[in-house]
Structure formats: C-alpha cells, structure tokens
Amino acid sequence: MRFGTTQIHVDPGPGALVRALSHVPPCNPRELEAIVLSHKHLDHSGDVNALIEAMTSGGFRRRGALLAPSDAFEGEPVVLPYAQRFVQHLERLEPSSGPYHIGPPSTSSGQAVELRTSMAHRHAVQTYGLHFAYEGLRVAYLPCGRFFDELAADYARLEPDVLIVNVLRFRDEMNVDHLTWEDAVTVVSEIRPKVTVFQHFGTKMLEAGPQRLAQELEDELGRRVIAAYDGLRLDLDTEVAAVGD
Ligand SMILES: [Zn+2]
Ligand SMILES: [Zn+2]
C-alpha cells in the first residue's frame, strides 16, 4: 500500500518480492518504510525474510520497520533472527492497540501513517486486523479468522472508508478458521464502509464467481464492492470520493 510517499507492504506471501519488482512502476523494496504482518501463516509471511533483505540491501543498510504479532518473532519465528537484526524498528503488535506510526521517508515532509489493530481474530495463531489512517482516509484490512459476534462491531468502531476482507470459503463445509461468503456479507453490512474489497478466495469462492457476488452486494448495499484479482491496482482516494457520503 502507498499512502503519500510512504510505502507499506502488508502480508508478503510467497512471490511477494518478485511481484513487487515486476510491478509497473516497480515497488522498490529499498524505499519500503514498513512491512506489516496480520499473522504468521506462511501464505501471509512466506517472503518476509526476502523482503527484509531487499528493504535493507541485504542487511547492509539497517532501516525500516517490521510490525507483527509477537508469535511471528518467537517460538517458531517466521521472521528469522538474522533478518530481525537488519530491521531498524521491530514492533510486536498487540490486540486493540495503537496508533503505531509509520514513516514518512526521511526525504519527505509528509505525515506519518497511523496504524491501529483490531481485537484478536479467532484463528490458529495471533491474528489482528489492521486499521490504517492517513490524511483523513481510513483503510481497514480484515484478515483471516472465523466469524464471531463481536467482530463487525469492533471494526465499525473505527469507521473505515475502505474495508479489505479476506473471504476464503463460499460455504462452510469443514468448519475452518475462515469467513464464508455469508459471514463476510454479514460483517460488511454491519460495518458499512464506502468501499469494500474482497480477496483471498479459495477454489469454491472462485467457482462461485466473486465478480458477480460483489456486484450483487453492491446493488444491495448501495456502496462500492470490488472483488480483487491478481495484479489489481486501486486508487482508494478516487474510489472513496466516487461514493460520496
Ligand atoms: Zn491464516
Ligand atoms: Zn490466509
């Protein structure tokens, strides 16, 4: 994500570094201010060490920030100890906390991005939602976890303009730690962001047709609803402005 001149990489899963470099224009990891993990599962953190190396020029230039739940650093750390030492600022995220401040780059006079966390998600490892705020724009990311009653109210409290929601399953056949489409609709209907972006689809979700589901929900809510696909780029200021109040 880019807020002003501040670049933040959220949940660098496998291939994140290659994709950042092949992006047009390229996302230069040496200009990254921070890497943030919502949780340590490998589909969200597989490239974190490679990205730290890139951000710090192989450890040659100690810089940047890494913000993640504490279990990403300890026990069976996904952020390897050698890579932790390359990062200038390590932050162990706590539930319902912040603001943590990120950036701006030392070359810029912009303001810092504020990050607050949600209450703990119900997932196998420590998992927190991420609320970013920058120049009046509020963007929340609701990562993986199972549905529970207090979830939507917790996100609604910070009134996100944009809500990015991971929805893995179309229907729940195996009772896993992830939102189903129905759960996701319940959550979004209660939070009522101006713009919703769904992502992190499993096979059944892809078969169900995320674009069509998003369109139906958009018609129902009268708010912008987008189903993400690989390589999607969004100008969130423009999307939010188009919805109005
Ligand atoms: Zn997970
Ligand atoms: Zn996941």
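Residue numbering note: each chain is counted from 1, following its sequence as written. By the order in which they are written, chains take letters starting at A while ligands take numbers starting at 1. Local features in this predicted model are restricted to residues whose pLDDT is 70 or higher, and side-chain atom pairs enter the listing and the counts only when it is 80 or higher, whereas totals over whole chains, interfaces and linings include all residues. For side-chain calculations, the full set of non-hydrogen atoms in the structure is used, while hydrogens and water are omitted.

1. Some thoughts on the coordination of the zinc ion (ligand 1)
Donor selection uses N, O and S atoms within 2.8 Å of the metal (3.2 Å for Na, K and Ca). Since no water is included, sites may look incomplete. Protein coordination of the zinc ion (ligand 1) is provided by H39 (NE2), H41 (ND1) and H123 (NE2), with donor distances spanning 2.1 to 2.2 Å. One chain supplies every donor to the zinc ion (ligand 1), and in sequence these donors are spaced H-x1-H-x81-H. Between the zinc ion (ligand 1) and the zinc ion (ligand 2), a spacing of 3.6 Å is present. Throughout this description, buried means an accessible area under 20% of the type-specific maximum (1.4 Å probe, protein chains only), exposed means over 50%, and partly exposed covers the range between. Taking relative accessible area as the criterion, H41 reaches 26% and is therefore assigned partly exposed.

2. Quick look at the coordination of the zinc ion (ligand 2)
Surrounding the zinc ion (ligand 2) are the protein donor atoms D43 (OD), H44 (NE2), C144 (SG) and H200 (NE2), at 2.1 to 2.7 Å. Between 85 and 135 degrees for all angles marks four donors as tetrahedral; over 155 degrees for opposite donors together with 65 to 115 for all other angles marks four donors as square planar and six as octahedral; every other arrangement is irregular. Of note is the zinc ion (ligand 2), whose four donor atoms meet at the metal with angles of 78 to 170 degrees in an arrangement that counts as irregular. Donor residues binding the zinc ion (ligand 2) come from one chain and are separated in sequence as D-H-x99-C-x55-H. Owing to a relative accessible area of 1%, C144 belongs among the buried residues under this scheme.

3. Quick look at the nonpolar core
With 27 residues, the main nonpolar core has I8, L67 and L115 as its most contacted residues. In terms of residues, this core owes the most to one element, strand β8 (residues 128-134), which gives four residues. Once you skip the residues sitting within four places of it in the chain, L67 turns out to touch A34, I35, V36, L37, E91, L93, Y100, I102 and L115. Buried residues of nine kinds, namely Ala, Val, Leu, Ile, Met, Phe, Trp, Tyr and Cys, make up a nonpolar core once their side-chain atoms join them within 4.5 Å. Grouped together as the second largest cluster of nonpolar side chains are 26 residues, F148, A152, L179 and F198 included. Secondary structure elements are defined from DSSP: runs of H or I of at least 4 residues count as helices, runs of E of at least 2 residues count as strands, and each element is numbered from the N terminus. Contacts are residue-level and defined by heavy atoms, with any inter-residue pair within 4.5 Å sufficient.

4. Digging into the layout of surface pockets
Cavities and pockets were defined on a 1 Å grid built from protein atoms only: a cavity is a group of points that admits a 1.4 Å probe but offers it no way out, a pocket is an open group of points flanked by protein on both sides within 12 Å along at least five of seven lines, and a lining residue is one with an atom within 4 Å of any such point. Grid points are joined across faces, edges and corners, and a volume is the space filled by probe spheres set on the points. The computed volume of the largest pocket comes to approximately 2000 Å³. Looking at the largest pocket, it is lined by 45 residues, and the ones nearest its centre are M1, H9, V10, Q199 and L232. Those elements that place two or more of their residues in the lining of the largest pocket are β1 (2-3), β2 (6-10), α1 (16-22), α2 (42-45), β9 (137-142), β10 (162-166), β11 (195-199) and α9 (236-243). Classifying every residue of the lining of the largest pocket by side-chain character gives 25 nonpolar, 11 polar and nine charged. Gly falls in the polar group here, along with every residue not listed as nonpolar (Ala, Val, Leu, Ile, Met, Phe, Trp, Tyr, Cys, Pro) or charged (Asp, Glu, Lys, Arg).

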